[in-house]
Amino acid sequence: MVALLAALLRIGFLCRKELLALLKEPSSRVILLAPALVQSLLFGYAATFEVTHAPYAVLDQSGGAAAAEVLRRLDGSTTFERTATLRSASEIAGAIDDGGALLVVVFPADFERRLAMGVPAPLQLILDGRNSSTAAAASAHVGTIVANFNAARGAFQPVTLERRIWYNPNLHSSWGIMPNLIAALSMIQTLLIAALSVAREREQGTFDQLLVTPLTPMLILVGKAIPAILVGLAQSSIILLVIRYWFGIPMHGSPWLLYLGLVTFTIAAVGIGLAVSALSLNMQQAMLYTFMIIMPLMLLSGLLTPVRNMPQALQIATWANPLRFGMDLVRRVYLEGAGLRDVAIDFVPLVCIAAVTLPLAAWLFRNRLS
Amino acid sequence: MTGAAIVATGLCRAFPAPGGTAVQAVADLSFRTRSGDLVALVGPDGAGKTTLLRMLAGLLRPDAGSLSVLGIDVAADPQAVQDRISYMPQRFGLYEDLSVAENLDLYADLHGVPTEVRRERFASLLAMTDLARFTARPAGQLSGGMKQKLGLACTLVRSPALLLLDEPSVGVDPLSRRDLWRIIDRLVRDEALSVVVSTAYMDEAQRCAHVLVLHEGRLLAQGTPAELRARAAGCTFTAVPPPGMAARALQARLIDARDLIVDAVPKGGAVRFISVPGADAASLRPLLDDAVVTVRQEELEDAFMMLLRERQRERGAVPSAQVRERPAGNDDEAPVIVVRDLVRRFGDFTAVASTSFDVRRGEIFGLLGPNGAGKTTTFRMLCGLLPASSGHLEVAGLDLRRARAEARARIGYVAQKFALYGNLTVRENLQFFGGAYGLRGTTLRARIDATLAQFGLDPAARSGELPGGFKQRLAMAAGLLHEPEILFLDEPTSGIDPLARRDFWRTITALAARGVTIVVTTHFMEEAEYCDRIAIQDAGRMLALGTPRQVREQAAQDGGAAVDDMDSAFIAIVERGRRAAGMEAAA
Amino acid sequence: MSGGAAGFHRRCRALLRKELRQMLRDRTTLAVGLLLPLVLILLFGYGLSFDVKDAPIAVVLEDTSPTARDVTAGLAGSPYLAPVWTPWMHDAVARMRRGEVAAIVRVPQDFSRALAGGGARVQLLLNGADPTTASALEWYVGGAIGTWAAHRAGRAAGKEAAGGIVQVEPRTWFNEANTSTWYLVPGLLVLVLTLVGAFLTSLLIAREWERGTLESLFVTPVRPAEIVLCKLAPFLLIGAIDIVMCLLAARFLFHVPMHGSLAVILLSAMLYLAVSLLLGLAISGITRNQFKASQVALLASFMPAMMLSGFVFDLRNVPVIVQVVSQLLPATHFMALVKTLFLAGDNWRLIARECAILLLYVGVLFTVTCRTLRKRLD
């Protein structure tokens with residue numbers, strides 16, 4: 001018992017020293033905390049697939065009333081904004097190539113006639129596929145407008161699809177990405193700080209002095225882990241606050257569960273970082289290893305593209321990716337209000353990763369001392 | 001050619017310190033030097049020597065005053081100055097991934113040394129620095145002193161009009177120091193080079209034509225060595241302690257009497273001291289007891305110490321060495337450090353070959369040797385930082401192979417390079433290391449306050465920005481917080497001015513008297529005199545082991561002539577050892 | 001001795017040799033410089049896809065009539081959907097809660113009756129927490145059901161004058177295959193060069209400050225511009241290898257068409273590489289501290305390039321300030337260039353504009369880095 005208290009006290013000293021080293025200089029504080037704020041704001045606004053005021057051009061070869069009606073609906077929507085009325089098909093290339101128009105709507109010459117005859121009249125859309133998600137979204141919007149047009153004309157629709165959306169009634173694409181940022185953005189720096197922690201002391205020459213004290217490698221490791229975890233949690237909290245209060249995305253789940261998940265996730269991330277740190281001989285190496293690891297971790301986590309779309313082998317590989325589960329957990333708790341039972345499965349890999357990497361780091365530490 | 005090499009008028013330079021106030025590094029300096037002269041800058045740490053040299057090299061701009069180097073206004077056209085000078089900073093930045101030869105080539109290329117000249121130049125430089133065997137070794141794998149030598153070699157790839165050297169012989173053993181000065185002397189002689197050297201070694205300053213004494217940014221005194229020496233005339237003496245009394249003990253007694261004695265230092269078994277001018281023999285009598293006192297010729301070091309002491313007295317800052325009482329041990333105890341057949345190999349390179357020695361409690365034990373001799377490796381093994389390849393190692397009664405953590409709680413370690421956290425304050429560093437050793441609460445606070453007072457440290461100062469000597473003090477303070485049984489000091493006084501060195505050793509001797517065992521490595525041979533016993537290593541082998549007197553006698557053996565100072569003894573023993581090794585290798 | 005072109009050449013040769021040696025002896029840097037692009041290429045090509053396929057959806061048939069089953073039969077045939085049939089709604093809801101299915105299609109009990117009566121409804125429940133997938137699923141499910149309805153109407157031709165309905169026929173230019181890979185892979189080039197530039201150079205100058213090698217260098221006749229140039233050169237080499245790797249992968253591994261001329265692609269890539277490397281050097285020179293430099297480099301390179309460069313998100317509709325930040329990023333300009341060059345072809349006005357901007361960046365960053373190496377220690 002006494003030994004435990006003594007150990008805790010020493011860990012306390014270690015943490016204090018580490019936090020002082022991290023936070024003493026104003027520039028260090030800025031680098032640790034400002035990016036979370038700035039990035040969450042910038043990316044919050046950027047992360048949207050929505051199309052509004054999309055510039056489009058029109059080539060109306062039919063000149064009829066129906067075309068005019070469709071155009072009136074297009075122009076009247078906030079989704080589209082007409083930037084050019086083309087006169088001939090040869091102008092289409094120019095409109096799209098320069099990026100001026102996202103799409104060109106073409107009414108063929110027989111459009112009006114076919115509608116009057118009661119036959120399906122094709123309406124051509126030429127989309128700029130340089131960003132296929134936006135193109136698809138624009139296409140879908142045109143589809144909706146046309147469907148409304150068809151319904152207004154009294155076209156018979158035997159089956160209507162009634163949609164209801166959980167958690168995100170307006171289907172904002174940003175709502176799907178921003179909660180992910182809580183875990184993702186903070187992981188970057190947490191991982192880096194943990195990875196550089198030991199290497200920095202080695203390069204500065206303070207490591208020897210540390211090793212000469214009675215502090216054991218395990219204590220030193222814990223003393224480095226805790227400050228990194230605290231920084232990670234601070235960053236996550238900043239992002240959480242921005243998402244909740246600036247962007248106004250409602251949080252449905254329990255904050256306690258959210259933080260429990262965040263803590264577990266951060267511990268797993270720090271474990272990986274410390275393992276890297278124990279391996280590296282200097283800061284350059286630590287940084288390089290971290291870069292190498294962060295790429296796959298971020299890209300294969302489901303941040304931008306769903307894990308489900310990945311090939312089976314990679315999907316299995318992501319079981320070792322704490323970000324995948326951390327993000328999933330945070331998003332489910334935040335947006336969906338998931339309870340402990342729902343997200344319990346996310347905790348398992350996180351705990352496993354922490355349970356593997358932290359002892360590994362300690363072992364590497366001990367054996368790399370000389 | 002005698003013109004002015006440097007003309008400085010009213011130079012001032014301040015640096016902003018955290019907390020708003022500015023530190024005046026150089027204040028109103030004015031002096032002239034002649035070209036072709038060898039000029040020494042001496043002074044304690046924080047005197048402004050490095051700042052002055054950097055201003056001369058055009059790396060810092062003076063806040064006020066004018067500075068002209070070789071006729072060029074430095075502030076206006078620093079590049080022109082840099083094209084004509086060579087500057088060796090205190091810590092020369094070598095490219096660690098590049099080999100010795102590649103580093104030399106790089107600097108030769110950058111300075112534009114023509115290839116014909118280069119080969120011969122390199123050959124002589126490599127011979128002088130004894131690095132010819134290591135041309136292919138990456139600079140990062142050289143020992144500290146060898147790096148310093150390589151740094152000097154890179155600075156000397158060409159002969160400039162003016163050479164600036166910032167403490168070039170710090171961390172360099174006496175042999176190499178002697179070699180370095182041979183190079184410098186030859187350069188001055190053959191190429192009419194002007195040199196400005198900042199140094200802590202008085203014997204080096206003595207060889208110079210002109211000496212500038214700086215203190216806290218001001219010029220305290222300047223002149224030829226002879227002129228400065230004259231200040232100490234009539235005050236210098238040698239005292240041979242009575243039999244049975246260690247020179248160290250007499251020295252301690254003398255140096256504590258600050259009203260009567262300016263300085264005292266053990267040398268060659270006797271104590272050289274300087275009395276305060278005006279102190280008469282009668283008042284000195286009680287201090288000296290039965291010691292035999294003879295007058296001696298004054299030296300530059302004496303004048304320097306007098307100047308500094310005067311200045312210090314003016315300012316009123318006299319740190320006292322207070323050490324808490326601890327029961328002293330008796331001599332029949334088992335040794336606290338036992339080393340038997342210690343070996344350390346790195347691959348196929350044997351750094352330490354089968355070394356054995358004991359250290360008793362309360363002893364001051366010195367490990368000496370040239371750079372690359374294996375001292376640091378032995379040291380690191382003793383501290384538990386490096387495992388031994390084979391052999392038996394016992395520290396504080398604990399086998400280092402088994403009970404490392406326990407053993408570490410009983411030792412203190414002061415590294416050669418500053419190894420505490422630079423961006424923490426003095427107090428924060430002490431709090432951390434105290435806590436790491438298990439101190440807490442009121443005990444910790446009390447110990448911290450005690451060591452702060454003992455070493456004269458400002459608790460709020462940023463550790464990384466302290467001048468060199470204060471950094472060492474802080475390191476010592478951190479090593480002593482937990483009142484260890486054994487203290488390991490790795491070149492604790494390299495780069496520190498004589499004043500601070502005295503105080504240091506005063507503290508050490510007091511500690512030893514209280515029963516703390518001290519193991520120390522040093523390049524200042526006179527400090528070997530403070531030790532009870534010393535060991536001299538070279539190339540991993542133990543060449544001598546015994547009291548300073550025994551070692552001096554051993555050195556005198558084949559040489560014939562009596563060797564009365566450790567410097568010469570050291571050189572003699574090492575050279576003899578190398579000759580023997582050479583003959584073995586040849587046989 | 002130190003003046004003129006001869007001195008410049010000699011010093012540059014010496015510095016270049018030093019930088020090359022240091023780079024080659026630092027195995028880790030070399031390995032990562034050549035491996036990272038490889039890893040990214042594989043990840044991008046095989047791991048990332050925005051295209052929804054085999055999305056699991058739960059289908060609840062509360063009406064078990066053949067008509068109802070017919071409606072949903074179309075779902076099974078779609079390559080985008082992987083329907084799972086379950087008879088109970090609460091089961092489907094539980095699965096969606098657990099994340100096992102992404103949507104629920106519910107055919108209510110009265111479906112066949114309502115259909116006969118003239119208008120039936122099918123419910124689609126979407127998980128809004130994944131809006132991209134949700135939108136895509138709405139599109140596909142709607143499409144499948146609409147096709148079924150059209151077939152039915154076709155079979156019952158003559159029963160109703162269906163009237164003309166407008167059918168949208170989309171054609172996507174520049175991405176005929178309409179796979180996200182085609183536009184992800186050009187973005188890969190941008191990302192690789194951004195990252196490589198950041199980590200190869202971002203510690204270089206900071207390390208020299210910390211080790212004190214710069215002070216010794218400053219007193220030699222070397223000029224700041226020479227130092228910067230020679231630090232840049234070896235990494236341009238590694239970057240060039242990376243560019244070739246990416247282009248080969250794009251062409252032969254992912255079959256992404258390269259409509260623009262290869263020469264222009266290569267030159268503009270080298271230009272952007274220079275910008276990226278200089279950015280790393282500038283960060284290193286300004287922070288003078290490896291710890292800070294690595295954080296700033298990582299933060300300034302990866303996420304902004306992913307999120308703000310127009311790579312994934314089209315930034316037309318974001319607030320002005322975000323657009324400004326996006327335009328300030330060099331990655332944005334190279335991204336626009338690369339996407340057009342690959343998917344569209346040579347568009348000289350665009351090329352000229354973006355290359356000019358990138359050149360401007362080179363100039364600015366070079367000057368900034370030189371200024372950090374002003375031979376002053378204060």
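Residues numbered from 1 in each chain as written. Chains lettered and ligands numbered in written order. Predicted model: local features only at pLDDT ≥ 70, side-chain atom pairs only at ≥ 80, totals over all residues.

1. Observations regarding the overall build of chain C
Test applied: Helical segments are the DSSP runs of H or I of at least four residues, strand segments are the runs of E of at least two, and each set is numbered from the N terminus. Within these notes, the globule rule equals 2.2 Å times the number of residues to the 0.38 power, and the radius of gyration is based on C-alpha atoms. Distance between backbone-placed C-beta atoms decides contact: two residues are in contact if it is within 7 Å.
Helix and strand content of chain C: 15 helices and 5 strands. In terms of overall dimensions, chain C is more spread out than a globule: its C-alpha atoms have a radius of gyration of 29 Å, far above the 21 Å expected for 378 residues. Its C-alpha atoms give chain C principal-axis dimensions of roughly 100 × 45 × 40 Å. Within chain C, contacts between residues separated by at least 24 positions form 80% of all contacts whose residues are at least 6 apart in sequence.

2. Brief notes about the overall build of chain B
Here is the rule: Residues with at least 20 other C-beta atoms within 10 Å of their own are called buried, those with 12 or fewer are called exposed, and the rest are partly exposed. The C-beta atoms themselves are positioned from the backbone.
Across its full length, chain B holds 20 helices and 24 strands. Within chain B, the proportion of its 587 residues that are buried is 53%. Long-range pairs, those at least 24 residues apart, make up 71% of the contacts in chain B with a sequence separation of at least 6.

3. A closer look at the interface of chain C and chain A
Let me state the cut-off plainly: If DSSP finds at least two bridges between two strands, the strands pair.
Across the contact, 91 residues belong to chain C and 96 residues belong to chain A. Here the side of chain C that touches chain A takes 13 residues from helix 6 (residues 131-155) of chain C, the largest share from any one element. Relative to strand 4 (residues 120-127) of chain C, strand 5 (residues 159-166) of chain A runs parallel, the two being bridged by 8 bridges. By the bridge assignment, E162 of chain A is partnered in strand 4 of chain C with Q123 of chain C.

4. What about the sheet that holds strand 19 (residues 398-399) of chain B?
Residue and element names in this part refer to chain B. Let me state the cut-off plainly: With axes taken as lines fitted to C-alpha atoms, and helix axes fitted only over the stretch in contact, angles between N-to-C directions fall between 0 and 180 degrees.
Strand order across the open sheet formed by 4 strands is 16-15-18-19, with antiparallel pairing between neighbours. Strand pairing shows two members of the sheet lacking a second neighbour, strand 16 (349-359) and strand 19, which therefore form its edges. The pairing of strand 15 (residues 337-346) with strand 18 (residues 390-395) spans 5 bridges and is classified as antiparallel. Residue pairing across strands places I337 opposite V395, the latter belonging to strand 18. Along the sheet, helix 12 (residues 375-383) makes contact with strand 15, strand 16 and strand 18, crossing strand 15 at roughly 120 degrees.

5. Observations concerning the packing of helix 2 (residues 27-47) of chain C against helix 10 (residues 224-253) of chain C
Residue and element names in this part refer to chain C. Which entries qualify depends on this criterion: Orientation categories follow fixed angle ranges, with anything under 35 degrees roughly parallel, anything over 145 roughly antiparallel, 65 to 115 roughly perpendicular, and all other angles oblique. Two helices that cross are described as forming a left-handed crossing if the nearer one is turned anticlockwise from the farther one by less than a right angle, and a right-handed crossing if clockwise. Note on residue classes: Ala, Val, Leu, Ile, Met, Phe, Trp, Tyr, Cys and Pro are nonpolar, Asp, Glu, Lys and Arg are charged, and everything else, Gly too, is polar.
Contact geometry for helix 2 and helix 10: axes closest at 9 Å, N-to-C directions at 25 degrees. Looking at the two axes, helix 2 sits roughly parallel to helix 10. Viewed along their axes, helix 2 and helix 10 form a crossing whose handedness is right-handed. Contacts between helix 2 and helix 10 involve G33, L34, P37, L38, I41 and G45 from the former and I238, I241, D242, M245, C246, A249 and L253 from the latter. Taken together, the residues that form the contact of helix 2 with helix 10 break down as 10 nonpolar, 2 polar and 1 charged.

6. Describing the sheet that holds strand 5 of chain A
If you trace the 5 strands from one edge of the open sheet to the other, you get 5(A)-4(C)-3(C)-1(C)-2(C), paired in mixed fashion. Both outer strands of the open sheet, strand 5 of chain A together with strand 2 (81-86) of chain C, are each paired with one neighbouring strand and no more. Strand-to-strand twist across the sheet, computed as the mean angle between neighbouring axes with direction ignored, equals 25 degrees. Alignment of strand 1 (residues 55-61) of chain C against strand 3 (residues 103-107) of chain C, held across 5 bridges, turns out to be parallel. Of the residues in strand 3 of chain C, the one forming a bridge with L61 of chain C is V107 of chain C. Those strands touched by helix 4 (residues 89-98) of chain C are strand 1, strand 2, strand 3 and strand 4 of chain C, and its axis lies near 160 degrees from that of strand 1 of chain C.

7. Describing the interface of chain C and chain B
Contact residues are listed per partner, giving 27 residues for chain C and 23 residues for chain B. The set of elements that each furnish at least two residues to the side of chain C that touches chain B consists of helix 1 (4-25) and helix 9 (213-218) of chain C. By residue number, the principal contributor to the side of chain C that touches chain B is helix 1 of chain C, which donates 9 residues. Split into classes, the residues belonging to the side of chain C that touches chain B amount to 8 nonpolar, 7 polar and 12 charged.

8. Observations regarding the packing of helix 11 (residues 283-299) of chain A against helix 12 (residues 290-307) of chain C
It is at 10 Å that the axes of helix 11 of chain A and helix 12 of chain C come closest, and there the two elements cross at 20 degrees. As the angle between them shows, helix 11 of chain A and helix 12 of chain C are arranged roughly parallel. Crossing hand, helix 11 of chain A versus helix 12 of chain C: right-handed. From helix 11 of chain A, M283, M287 and F291 of chain A reach across to helix 12 of chain C, where they touch Q290, F291, S294 and L298 of chain C. Looking at side-chain class alone, the contact of helix 11 of chain A with helix 12 of chain C contains 5 nonpolar, 2 polar and no charged residues.

9. Observations concerning the confidence of the model for chain C
All names here are of chain C. Keep this limit in mind: On a range of 0 to 100, pLDDT expresses the predictor's confidence in each residue.
Averaged over every residue, the pLDDT of chain C is 84; the share at 70 or more is 93%. Mean pLDDT across the elements of chain C ranges from a minimum in strand 5 (residues 166-173), with 70, to a maximum in helix 11 (residues 262-287), with 94. Considering only residues more than four positions removed or in separate chains, one finds that residues 157-162, a stretch of pLDDT under 50, has 6 contacts. At the level of chain-chain contacts, confidence expressed as ipTM amounts to 0.83, with global pTM at 0.84.

10. Points about unusual backbone geometry
Phi is positive for D341 of chain B, which is not a glycine, with a value near 50 degrees. Mapped onto the elements, D341 of chain B comes out in strand 15. Its identity is not glycine, yet H255 of chain C carries a phi of approximately 55 degrees, on the positive side. Structurally, the position occupied by H255 of chain C is in the loop between helix 10 and helix 11.

11. Some words on the nonpolar core
Operational definition: A set of buried residues drawn from Ala, Val, Leu, Ile, Met, Phe, Trp, Tyr and Cys, joined through C-beta atoms within 7 Å, is what defines a nonpolar core. Domain borders in the structure are assigned automatically or taken from a domain database.
Judged by nonpolar contacts, the single largest core of 399 residues is most densely connected at A46 and V104 of chain A together with L164, F488 and I518 of chain B. In terms of residue count, helix 7 (residues 173-204) of chain A provides more of this core than any other element does, 18 residues in total. Residue-level mapping places this core at the junction of two domains, with at least three residues from each of domain 1 (54-166) and domain 2 (173-368) of chain A. In this structure L164 of chain B touches L53, L56, A57, I85, Y87, M88 and V196 of chain B, once residues within four positions along its chain are discounted. Counting residues in each nonpolar core, the second largest holds 34 residues, with V60, A92, V101 and A120 of chain C among its members.

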